[in-house]
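These are the residues of each chain, in order.
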Amino acid sequence: MTLSAGGHDFPCHRTVLAAASTYFRAMFAGRLKESQAERVELHHVTGPILGLLLDFCYTGTVTVTRDNVEPLLQAADLLQFPSVKDACCAYLERQLDVSNCLEIQDFAEAYACRGLAESTKRFILAHMAQLAQARELERLPWQRMLEYITDDRLCVDKEETAYQMILRWVRADLPHRQHRWPELFQHVRLPFIRRFYLLAHVESDPLVYYSPSCLRLIGEARAFQSSEYDRHDLPCERMRPRPSTGLAEILVVVGGCDQDCDELITVDCYNPHTGQWRYLAEFPDHLGGGYSITALGNDIYVTGETSPMVERPWLAARDAFQAAA
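In what follows, the accompanying structure is described. The shown structure was predicted, so the numbers you read here are calculated from the model rather than taken from an experiment. (Residues numbered from 1 in each chain as written. Predicted model: local features only at pLDDT ≥ 70, side-chain atom pairs only at ≥ 80, totals over all residues. Heavy atoms only, no water.)

Quick word on the layout of surface pockets
Estimates place the volume of the second largest pocket at around 230 Å³. Among the elements that take part in the lining of the second largest pocket, helix α6 (residues 101-110) stands out by supplying three residues, more than any other. (1 Å grid on protein atoms, 1.4 Å probe; cavity = no way out; pocket = protein on both sides within 12 Å on 5 of 7 lines; lining within 4 Å. Points joined across faces, edges and corners; volume = space filled by probe spheres on them. Helix = DSSP H or I, 4+ residues; strand = E, 2+ residues; numbered from the N terminus.)

Okay, here's the thing in structure tokens:
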């Protein structure tokens, strides 16, 4: 039989095509007229691309290049060549960079390339700072911007950067995007923005200052920073720092004894997310016992002890949580 596409004819065998593609298997193994036809015309695929697919049927290999990867993947998706489609996805994944990642994610999702779409999204989230510098973020559609800012994997050095990203996106087309601002703003993790920056740059911005819902979130962040409640009182994404910022809730160990039962004079912390210990501070002398420990916000206070060497309560470790962040 002969397959034809775009004015190109290719002699081939039905059994070979059916073995390589479920599309051709359904065409030739059933009662469709193509199962008996000596010549079959294919549409929506060019002759050179069909030639590559037919070569794959006979050799099991295909050469993917920058020029043919897109039409080849489209044809492999249409004619149901999963191995060729996977090869195209692997090629595109190797070509990922800041200049093409947004287009590749759209392309991957359009053709249900789930693995490529997910790996591309991970790449985008890890390189958001570079995308912002290249002004690529400003042209994102609304749903994409919302998708990225809500993802825990968004890689920013500090939460102020996430705020600056959504601000830049809205201001790039203020008349058409301003109504999206409150919804984007609620996904910024305001409690983890520095207090000075929150007051001087966030709260004073007109987009925030004239929005009651945004001001309510500012008040929530201030209450959190003032230790009026913690994240367990209001469990939501705003109360969880992004992993990329390095902030985490830690376990602080004050004093104690080492393996030789000698008293320790250090304050150490353990980060359950990384499984790492870190030195924080050191006491001026050995603790003799009978002391008490309390935490207030990000400060840890140690008072008293039974040793006669200590004449007054003292502050042993201050800002331990901040030092660990």
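Next comes the rest of the write-up.
Describing the pattern of salt bridges
In total, this model carries 21 salt bridges according to the counting rule given. The partner of D152 in a salt bridge is R189, with the nearest N and O atoms 2.7 Å apart. Of this pair, D152 sits in the loop between α9 (142-149) and α10 (159-171) while R189 sits in the loop between α12 (181-185) and α13 (195-203); the two residues are 37 residues apart in sequence, bridging distant segments of the chain. One network of salt bridges, with partners in common, ties together D106, E109, E118, K121, R122, R144, E147, D151 and R153. (Salt bridge = Lys/Arg side-chain N within 4 Å of Asp/Glu carboxyl O.)

Things to note about the side chain of R177
Within the secondary structure, R177 sits in helix α11 (residues 174-177). As a buried residue without a salt bridge, R177 has its nearest oppositely charged side chain in D173, at a separation of 4.4 Å. A polar atom in the side chain of R177 sits 2.6 Å from the backbone oxygen of W169. (Buried < 20%, exposed > 50% of the residue type's maximum accessible area, 1.4 Å probe, protein only. Lys, Arg positive; Asp, Glu negative; His and termini not counted. Polar contact = N/O pair within 3.5 Å; in protein donor to acceptor, adjacent residues only side chain to side chain.)

Some points on a nonpolar patch on the surface
A grouping of Y209, Y210 and L215 is seen on the molecular surface, where their side chains present a nonpolar patch of about 360 Å² in accessible area. Checked against the element boundaries, Y209 lands in helix α14 (residues 206-209). (Patch = residues over 30% accessible without salt bridge, like charges linked within 9 Å, V, L, I, M, F, W, Y side chains within 5 Å. Areas by Shrake-Rupley, 256 points an atom, 1.4 Å probe, with all protein chains shown as cover.)

Quick word on the nonpolar core
Counting 77 residues, the largest nonpolar core has L3, L42, Y163, W181, F185 and L190 as its most contacted members. Take this core: its biggest share by element is seven residues, from α10. Beyond its immediate sequence surroundings of up to four residues, L42 is in contact with L3, S4, A5, Y23, F24, M27, L50 and L79. With 10 residues, the next largest nonpolar core counts V254, V267, I300 and V302 among its residues. (Core = buried A, V, L, I, M, F, W, Y, C linked by side-chain atoms within 4.5 Å. Contact = heavy atoms within 4.5 Å.)

Details of the sheet that holds strand β6 (residues 276-282)
With respect to topology, three strands assemble into an open sheet ordered β4-β5-β6, the strand pairing being antiparallel. Of all the strands in the sheet, just β4 (251-254) and β6 have a single pairing partner and so form its edges. The mean inter-strand angle of the sheet, taken between neighbouring strand axes irrespective of direction, is 25°. Strand direction decides the pairing type here: β4 and strand β5 (residues 266-271), joined by four bridges, are antiparallel. By the bridge assignment, V253 is partnered in β5 with D268. (Pairing = 2+ DSSP bridges. Axes fitted to C-alpha atoms, helices over the stretch in contact; angles between N-to-C directions.)

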